[in-house]
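As a plain string of letters, each chain reads:
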Amino acid sequence: MQSEFSRREFIAGLGALTAAGSRLSAASFQSSSPSSSAAGSGPVPLLRSPFKIAVINDEISQDFGHACEVASQQFGMEWIELRSMWNKNVANLDANEIAEAQRLLKKNNLRVTDIASPLFKVDWPGAPKSKFSPEHDQFGANFTYAQQGEVLDRAIELAKLFSTDRIRCFDFWRLDDQAPYRKAIDDDLQRTAEKLGKIGLILILENEFACNTATGAEAATTLAGVPSRSFMLNWDPGNAAMLGETPYPDGYKLLPKDRIGHCHCKDAIKTGDKYGWAAMGKGAIDWVGQFAALKRDGYHHVVSLETHWRGAGTPEASSVQSWAGMKAALQKAGAL
């Protein structure tokens, strides 16, 4: 499956990104400090939380301007995570779209937590094809393994333009037996993290139930195998639960706390022998305990709502309900 841009278009795109940055520089965006007025009549003073509270933009809407308004004015947030918008993966945005996204972020006094890129969410070369390898694009991403260097370069440019120091990645579609390939995978992650570390960026690996690092136990092993200090975990209790782990306290207690660099917030519940998504606070995950533990352990990075559940009918309505559950859990945990 081919991506939306060729290598020539990709190289041209990097130049266009730089041009977009000169028109609306990341520096000018950073100088616009968020204020509580951005939340309008938002009911919750999120600034008193020890965490940076955010939402993934496309969990609300593919209309990026509307997603920004909901995050800022309705949810009262000052942070947002970028994954896809206008039905395009963030890695495929052109210069005009990037400039428009920067304008909308500034208008809504929102800062970017990370580039939620699809880096390494592909099959590992030479291994049997994963049963999790999708037939269709996910979040607008359809890149091949051969294009991962290009995806990384694009993510680096985007991180600069959106003034964030974090790029999200995965560790390839899940194999029935990853042991023969694990060291090579870890080496790939280590090289990538070291490359980012040299320019002041951090690679954050999401534990994903469809990828080779899915649970807290597996994340602890991967972190031990990739020692770069520029490599951290995007801890996702919901994904860990989907493979049957009790993410808190069981999975969490195995993790080196100083290497958690991001946290995704969604809930899951088991019905019969299958797991499915639930609204935050309506599933089986002890989010009150998890938030309290993160606070106790000195975590001060992002907690980002990644609703996934669609029980309210639309992504926006479902995210509104999940934000209410997340907010209540933060309050009960003394983290809001």
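Remember, it's a predicted structure, so these values are computed and weren't measured experimentally. (Residues numbered from 1 in each chain as written. Predicted model: local features only at pLDDT ≥ 70, side-chain atom pairs only at ≥ 80, totals over all residues. Heavy atoms only, no water.)

A.B. asks: Describe the overall build of the protein, with residues and values.
C.D. replies: From N to C terminus, the protein includes 11 helices and 12 strands. Classification of the 336 residues of the protein by burial places 58% in the buried group. Sequence-distant contacts in the protein: of pairs separated by 6 or more residues, those separated by 24 or more amount to 79%. When the accessible area of the protein is evaluated, it comes to approximately 13500 Å², of which 52% is carbon and sulfur surface. (Helix = DSSP H or I, 4+ residues; strand = E, 2+ residues; numbered from the N terminus. Buried < 20%, exposed > 50% of the residue type's maximum accessible area, 1.4 Å probe, protein only. Contact = heavy atoms within 4.5 Å. Areas by Shrake-Rupley, 256 points an atom, 1.4 Å probe, with all protein chains shown as cover.)

A.B. asks: Talk me through helix α7 (residues 216-225); I want residue IDs and the actual numbers.
C.D. replies: Buried within α7 we find G216, A219, A220, T222 and L223. Looking straight down α7, one finds that the buried residues subtend no more than 165° of arc, so they occupy a single side. What points out from α7, more than 90 degrees from its buried face, is the exposed set T221 and A224. Where α7 is buried, its residues contact α6 (182-197), β7 (202-206), β8 (231-235), α8 (237-242) and α9 (247-253). (Arc of directions from axis to C-beta.)

A.B. asks: Which residues make up the environment of Q74, and what values go with them?
C.D. replies: Structurally, Q74 is set in helix α3 (residues 64-74). Taking relative accessible area as the criterion, Q74 reaches 39% and is therefore assigned partly exposed. Distance from Q74 to V320, taken between C-alpha atoms, is 8.9 Å for residues 246 residues apart in sequence.

A.B. asks: I'd like to hear about unusual backbone geometry, residue by residue, with values.
C.D. replies: Along the chain, Y248 connects to P249 via a cis peptide bond; the corresponding omega equals 10°. The residue P249 is located in helix α9 in this model. Even without being glycine, F172 reaches a positive phi, approximately 75°. Examined against the element boundaries, F172 turns out to sit in the loop between β6 (166-169) and α6.

A.B. asks: I'd like to hear about the pairing of strand β5 (residues 111-119), residue by residue, with values.
C.D. replies: Successive side chains on a regular strand alternate, one facing one side of the sheet and the next facing the other. Judged by how many residues are buried, β5 sits mostly within the fold: 8 of 9 residues are covered. With 3 bridges joining them, strand β2 (residues 79-82) and β5 adopt parallel strand pairing. For I80, the partnering residue across the bridge sits in β5 and is V112. Note: β5 against β6, 2 bridges, orientation parallel. For L119, the partnering residue across the bridge sits in β6 and is C169. (Pairing = 2+ DSSP bridges.)

A.B. asks: I'd like a rundown of the nonpolar core, residues and numbers included.
C.D. replies: In terms of nonpolar packing, the biggest core is built from 83 residues, with I53, F291 and M326 touching the most fellow members. The element contributing the most residues to this core is helix α5 (residues 148-161), with 7 residues. (Core = buried A, V, L, I, M, F, W, Y, C linked by side-chain atoms within 4.5 Å.)

A.B. asks: Describe the packing of aromatic side chains, listing the residues and the values that go with them.
C.D. replies: With the rule as written, the count across this model stands at 11 aromatic pairs. Arranged with centres 5.9 Å apart and planes meeting at 75°, the rings of W124 and Y145 form a pair that is edge-to-face. With a gap of 21 residues between them, W124 in the loop between β5 and α5 and Y145 in the loop between β5 and α5 connect regions that are remote in the sequence. Its relative accessible area of 11% is what places W124 among the buried residues. Residue classification places Y145 among the partly exposed positions, given a relative accessible area of 33%. (Phe/Tyr/Trp six-rings, centres within 6.5 Å; stacked < 30°, edge-to-face > 60°.)

A.B. asks: Account for the pattern of salt bridges, naming residues and giving values.
C.D. replies: Inspection of every chain in the model, using the stated rule, returns 21 salt bridges. For R174, the salt bridge identified is with E218, shortest N-O distance 2.6 Å. Within this pair, whereas R174 is found in the loop between β6 and α6, its partner E218 is found in helix α7, the two being separated by 44 residues in sequence. Salt bridges linked by common partners bring D58, E59, R83, D236, K266, E306 and R310 together as one network. (Salt bridge = Lys/Arg side-chain N within 4 Å of Asp/Glu carboxyl O.)

A.B. asks: Explain the environment of K253 residue by residue, including any values.
C.D. replies: Along the chain, the position of K253 falls in helix α9. K253 sits 40 residues away from A293 along the chain, and the two C-alpha atoms are 9.6 Å apart.

A.B. asks: Break down the sheet that holds strand β9 (residues 260-265) for me, citing the residues and quoting the values.
C.D. replies: Judged by pairing direction, the sheet is parallel, and its 8 strands sit side by side in the order β1-β12-β9-β8-β7-β6-β5-β2 without closing on themselves. In this open sheet, the two edge strands, each paired with only one partner strand, are β1 (52-55) and β2. Put simply, the sheet's adjacent strands are angled 25° from each other on average, direction ignored. In this structure, β8 lies alongside β9, joined through 3 bridges in parallel fashion. Within β9, the position partnered with N234 by the bridge is H262. Along the sheet face, helix α10 (residues 287-296) touches β8, β9 and β12 (302-305) and points at about 160° away from the line of β9. (Axes fitted to C-alpha atoms, helices over the stretch in contact; angles between N-to-C directions.)

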